[in-house]
Amino acid sequence: VQAADEAAAWAAFADPAALPDVVLADLRLASGVSGLQLAQRLRALHAIPLAIISGETDAQQVQSVRDAGLPLLSKPLRPARLRAQLEAMLALPAV
């Protein structure tokens, strides 16, 4: 699922039968809602492994992602790192 904004993302997540296996969200979304906020709302509704992708270097922003218990993948993202993270996320039991 690829969504250009928050409304499109929520529309994509509305059908439980069509949910993705994992969700990768950029920390900064175009709509002004952060990827962290999206992930927290999504977590409350569905048991889907989530990770945040960001080029953010602000220590407070980075810590907020870690405090939420989410993996943070730093940009630029190397394919091997992405593959390893996806494999780890897919191996987790549903929460």
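Preceding this paragraph is the structure being described.
Residues numbered from 1 in each chain as written. Predicted model: local features only at pLDDT ≥ 70, side-chain atom pairs only at ≥ 80, totals over all residues. Heavy atoms only, no water.

## Looking at the overall build of the chain
Working step 1: Across its full length, the chain carries four helices and three strands.
Working step 2: Along the chain, from the amino end to the carboxyl end, the secondary structure elements read α-β-α-β-α-β-α.
Working step 3: Against the globule reference of 12 Å for 95 residues, the chain gives a C-alpha radius of gyration of 13 Å, in line with a compact fold.
Working step 4: By its C-alpha atoms, the chain is 35 × 30 × 25 Å across when sized along the principal axes.
Working step 5: Considering the chain as a whole, with its 95 residues, one finds that 33% of them fall into the buried category. (Helix = DSSP H or I, 4+ residues; strand = E, 2+ residues; numbered from the N terminus. Rg over C-alpha atoms; globule rule 2.2 N^0.38 Å. Buried < 20%, exposed > 50% of the residue type's maximum accessible area, 1.4 Å probe, protein only.)

## Comments concerning the pairing of strand β1 (residues 23-26)
The two faces of the sheet receive side chains in turn, since in a regular strand these alternate between them.
Working step 1: Burial along β1 is one-sided: Val23 and Ala25 are buried, while Leu24 and Asp26, pointing the other way, are not.
Working step 2: Pairing between β1 and strand β2 (residues 50-54): four bridges, direction parallel. Note that in β2 the partner of Asp26 across the bridge is Ile53.
Working step 3: Regarding the hand of the β-α-β motif, the stretch spanning β1, helix α2 (residues 35-45) and β2 is right-handed. (Pairing = 2+ DSSP bridges. Right-handed = clockwise from strand over helix to strand, strands pointing away.)

## Focus: the pairing of β2
Working step 1: In terms of burial, β2 is a largely internal element, five of the five residues being buried.
Working step 2: Since β2 and strand β3 (residues 72-74) lie parallel, the crossover through helix α3 (residues 59-67) that links them has a hand, and here it is right-handed.

## Considerations on the sheet that holds β2
Working step 1: Spatial strand order, β1-β2-β3: three strands in an open sheet with parallel pairing. The sheet is open, and its two edges are formed by β1 and β3, each paired on a single side. Put simply, the sheet's adjacent strands are angled 30° from each other on average, direction ignored.
Working step 2: Lying on the sheet, α2 is in contact with β1 and β2; it crosses β2 at an angle near 175°. (Axes fitted to C-alpha atoms, helices over the stretch in contact; angles between N-to-C directions. Contact = heavy atoms within 4.5 Å.)

## What to know about unusual backbone geometry
Working step 1: A cis amide bond, omega -5°, links Lys75 with the succeeding residue Pro76.
Working step 2: Along the chain, Pro76 falls in the loop between β3 and α4 (79-91).

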